[in-house]
Amino acid sequence: MHYYSTNHKSPPISFREAAVTGQPQDKGLYFPSEIPHLSGSFFQDLKSKSKAEIAFEVIRPYIDGEIPDKELFGICEDTVNFDFPLVKISDTVSSLELYHGPTMAFKDVGARFMSRCLGYFSKDSDRHVTILVATSGDTGSAVANGFLGVKNVDVVILYPSGKVSNIQELQLTTLGQNITALEVNGTFDDCQAMVKQAFTDTDLNKKLSLTSANSINIARWLPQQFYYFFALQQWDHKEPPVISVPSGNFGNICAGLVAYKSGLPVDHFIAACNSNDIFPDYLLNGEYKPKPSVATYSNAMDVGDPSNFVRLLGLFDNDISKIRQMVSSCSVNDTTTLDTISRVYHESGYLLEPHGAVAFKALDEYLAQHPGKKGILLETAHPIKFVDVVEKSIGEKIAVPDASRYLLGLKKQSVLIAPEFAKFKEFLLARS
Ligand SMILES: *Cc1c(COP(=O)(O)O)cnc(C)c1O
């Protein structure tokens, strides 16, 4: 197994190198040279396997011996050591809850796996790396949590002041140890621009070994397949499910498509989008037209140029007719998102958050047009992370889950910074 750049101008490299470098110099994305096919007996025995066994068997061919089996199994065990319940909402719709991890969002899976791989690779080196992450809420806390206490690694998170929820902010700012949170007096785009500029700044790169932990990294992307297998493990209908994935940068759905290509029985995928409708537009008109993102309630999907789009093309040989056969898409606006949260809650007692609600609505429409099919939506975050929107929708207060109540007693520790690269650079240099 090797990893090639989707731009084909950088040389193919191993898992280790791809995980450590993140993105090829030619600005493409790394893509595995082959997608392994899992055996018939693997699927026959799926129901009796543990989560760690499934994760290990799924990821092992991609690592290709660069992490010994014993260590890799340990990493898998650690990565998926929480629940992934498939909860029935109605006769035809179930929710795969991906928010039972430490930061209550699905990004925990990729971030935990990636941090442990990098931890393994840097164990015997004395090279100190600094990971820079810009976040609109979920990414920063998942990455920071994953890297907490990892030797030779520092994490610097940039988040937009006043634009993340209270729980998200506490998750970002109360870890301590090797994690530093910078509260940027600006927008998420400012945070992202500052991080991008840091990676190309000569002085900084002379003094510090900077790395990113964004979802482009294969060590974050590929393990996101795991929970699609966990979903099928709990699926008790004869026919394969339609799976609806709330999509922003399309890392999650592309991981699901990789699982499908490995043999996982899935009837159809839905890329559920909010008003950032670049992909639904593409399927409709055959033209990919990136646009500036617009702000919505499901802000982790406010993306105007999905970074994994080229991987999606790669999975279907750049053939839009093949994509259309397997993937549908739909755009759901904020008003419908609010209505959906409220309707589902009052009809079935199930509480969705905005990203899951977008996925629910897209699935609901698809099933209405395809009677007889049944489906799963991925609920990618806990409702408490988007408490304002959820409470506004249902008109009731919701309780902070026991597992995160401790956060409310912690003191936020952040460094306030202007949205200027010069200030950020000064801060980083002072630490080097
Ligand atoms: C990141 C995120 C998404 C979007 O996932 P992509 O892999 O970028 O498509 C959806 N929901 C939540 C809650 C997220 O944090």
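This write-up is about the structure you can find in this document.

The rules we used
- Residues numbered from 1 in each chain as written.
- Predicted model: local features only at pLDDT ≥ 70, side-chain atom pairs only at ≥ 80, totals over all residues.
- Heavy atoms only, no water.
- Buried < 20%, exposed > 50% of the residue type's maximum accessible area, 1.4 Å probe, protein only.
- Helix = DSSP H or I, 4+ residues; strand = E, 2+ residues; numbered from the N terminus.
- Arc of directions from axis to C-beta.
- Contact = heavy atoms within 4.5 Å.
- Core = buried A, V, L, I, M, F, W, Y, C linked by side-chain atoms within 4.5 Å.
- Near = heavy atom within 4 Å.
- Polar contact = N/O pair within 3.5 Å; in protein donor to acceptor, adjacent residues only side chain to side chain.
- Areas by Shrake-Rupley, 256 points an atom, 1.4 Å probe, with all protein chains shown as cover.
- Nonpolar A, V, L, I, M, F, W, Y, C, P; charged D, E, K, R; others polar.

Points about helix 4 (residues 69-79)
Turning to step 1, where the next piece is worked out: Of all the positions in helix 4, only Leu72, Ile75, Cys76 and Thr79 are classed as buried. Buried positions in helix 4, seen along its axis, are confined to an arc of 100° and lie on one side of it.
Turning to step 2, where the next piece is worked out: The secondary structure elements touched by the buried residues of helix 4 are helix 3 (51-63), helix 5 (107-122) and helix 11 (226-233).

Some details on the nonpolar core
Inside soluble globular proteins, nonpolar side chains tend to come together where they are buried.
Turning to step 1, where the next piece is worked out: Residues Phe15, Phe113, Tyr227, Phe269, Phe279 and Val327 are the most contacted members of the largest nonpolar core, which totals 91 residues.
Turning to step 2, where the next piece is worked out: Apart from the residues lying within four places of it in its own chain, the contact partners of Phe15 are Tyr3, Tyr62, Ile63, Glu66, Phe113, Cys117, Phe121, Ile218 and Ala219.
Turning to step 3, where the next piece is worked out: With 33 residues, the next largest nonpolar core counts Val344, Ala359, Ile394 and Val400 among its residues.

Here's the deal with the site of the ligand
Turning to step 1, where the next piece is worked out: Of all residues adjacent to the ligand, which total 15 residues, the nearest are Lys107, Asp138, Gly248, Asn249 and Thr380.
Turning to step 2, where the next piece is worked out: Within the backbone of Gly251, one N or O atom sits 3.2 Å away from an oxygen atom of the ligand.
Turning to step 3, where the next piece is worked out: For the ligand, whose accessible area on its own is 390 Å², the fraction buried by protein is 97%.
Turning to step 4, where the next piece is worked out: Considered class by class, the residues forming the shell around the ligand number six nonpolar, seven polar and two charged.

As for the side chain of Gln171
Turning to step 1, where the next piece is worked out: Within the secondary structure, Gln171 is located in helix 7 (residues 166-173).
Turning to step 2, where the next piece is worked out: The exposure class of Gln171 is buried, given its relative accessible area of 6%.
Turning to step 3, where the next piece is worked out: Of note is the side chain of Gln171, whose polar atom sits 3.4 Å from the side chain of Lys385.
Turning to step 4, where the next piece is worked out: If near-sequence neighbours (up to four positions away) are discounted, Gln171 is found in contact with Pro102, Thr103, Met104, Ser141, Lys385 and Leu407.

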